[in-house]
Amino acid sequence: MTEQRGVVQTYTVTGMTCEHCVRAVTGELSALPGVEEVRIDLTAGTATVTSDAPLPVESVRAAVDEAGYEMVGGGA
C-alpha cells in the first residue's frame, strides 16, 4: 500500500502582518474543497496549501480576497 501525497502549492499574499492575518487567510483557504493543510509564512508573505488535487487559482484568489488580502501571481 502506497501513501498518497497531496498537491503542495505556494502563493504570495500581500498585506499579512500579524497572527490575525494568519488566522483569517488560513480560515478562508482551509474552507476550500480538498484542502488538507495551510501554512502561512508571515516573513516571506506566502501561503502554502496542501490539497488532494490542484486548486483552481481563481478559487484561491477569491478565498484570499475574502480574507481581506491580495494574492500576487498565480502560485507555484
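Look above for the structure.
Quick caveat, the model's predicted, so the values are computed rather than measured.

Caption draft 1: A look at the environment of Val72. Residue position: Val72 is located in strand β4 (residues 70-72). Relative accessible area serves as the criterion here: at 42%, Val72 is assigned to the partly exposed category. Here the alpha-carbon distance between Val72 and Val35, two residues 37 residues apart in the chain, equals 20 Å.

Caption draft 2: How the structure looks around the pattern of salt bridges. Taken as a whole, this structure holds one salt bridge when the rule is applied. Where Arg61 meets Glu58, a salt bridge forms, and the shortest distance between an N and an O atom there is 3.5 Å. Here the residue Arg61 and the residue Glu58 both occupy positions in helix α2 (residues 57-67), the gap between them amounting to three residues, near one helical turn. When its relative accessible area of 27% is taken as the criterion, Arg61 is described as partly exposed. The exposure class assigned to Glu58 is exposed, which follows from its relative accessible area of 53%.

Caption draft 3: Representation of the nonpolar core within the structure. In terms of nonpolar packing, the biggest core is built from 18 residues, with Leu29, Leu32, Leu55, Val60, Val64 and Tyr69 touching the most fellow members. Where this core is concerned, the elements lending two or more residues are β1 (7-14), α1 (19-30), β2 (35-41), β3 (46-51) and α2. With four residues, the top contributor of residues to this core is α2.

Cut-offs used in this document
- Residues numbered from 1 in each chain as written.
- Predicted model: local features only at pLDDT ≥ 70, side-chain atom pairs only at ≥ 80, totals over all residues.
- Heavy atoms only, no water.
- Helix = DSSP H or I, 4+ residues; strand = E, 2+ residues; numbered from the N terminus.
- Buried < 20%, exposed > 50% of the residue type's maximum accessible area, 1.4 Å probe, protein only.
- Salt bridge = Lys/Arg side-chain N within 4 Å of Asp/Glu carboxyl O.
- Core = buried A, V, L, I, M, F, W, Y, C linked by side-chain atoms within 4.5 Å.

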